[in-house]
Amino acid sequence: MAINYTWDCKTVDTKTINGNEDTVINVHWRLTGEDDANNDAEGNPQTATLYDTQELNTSDLSSFTAFADLTNEQITGWVESAMGAIKVQAKKDSLDAQINELVNPVVQTKTIGG
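Definitions and limits used
Residues numbered from 1 in each chain as written. Predicted model: local features only at pLDDT ≥ 70, side-chain atom pairs only at ≥ 80, totals over all residues. Heavy atoms only, no water. Pairing = 2+ DSSP bridges. Helix = DSSP H or I, 4+ residues; strand = E, 2+ residues; numbered from the N terminus. Axes fitted to C-alpha atoms, helices over the stretch in contact; angles between N-to-C directions. Contact = heavy atoms within 4.5 Å.

Asks: Any chance you could break down the sheet that holds strand β1 (residues 3–17) for me, citing the residues and the numbers?
Replies: The strand order β1-β2-β3 describes an open sheet built from three strands, whose pairing is antiparallel. Pairing within the sheet leaves two strands with one partner each, and these edge strands are β1 and β3 (45–55). For this sheet, the mean inter-axis angle between neighbouring strands, taken without regard to orientation, is 15°. Two elements, β1 and strand β2 (residues 20–39), share 12 bridges in a ladder whose sense is antiparallel. Paired with I17 across the bridge in β2 is N20. Packed on one face of the sheet, helix α1 (residues 72–83) meets β1, β2 and β3 and runs near 90° to β1. Of the strands in this sheet, β1, β2 and β3 are in contact with helix α2 (residues 85–103), which crosses β3 at around 150°.

Below you can see the structure in the form of structure tokens.
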């Protein structure tokens, strides 16, 4: 099972800090894992998604980026940095477990015949 992870960090909360308009202070993120080796009954890859928010440290704005110039990749880097590698890996492990449960369910629902 090979899982590909995709971050969506495009929804943010902003405010003006020290004259820097639209400073990102909080990110509403979504992390999706997609199994490229196992498909569901309709042929779609098995997927799982987590979502939450991550507050960002805005104490040092020396490398401030204007809102119009921000990218999902840049904000994803901020989120991963704020979380730390261990927490990011825990999120990915959680997605792996959810997808594994879809591929190899522990509990199955069945109907008894007549």
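There's plenty left to go through after this.
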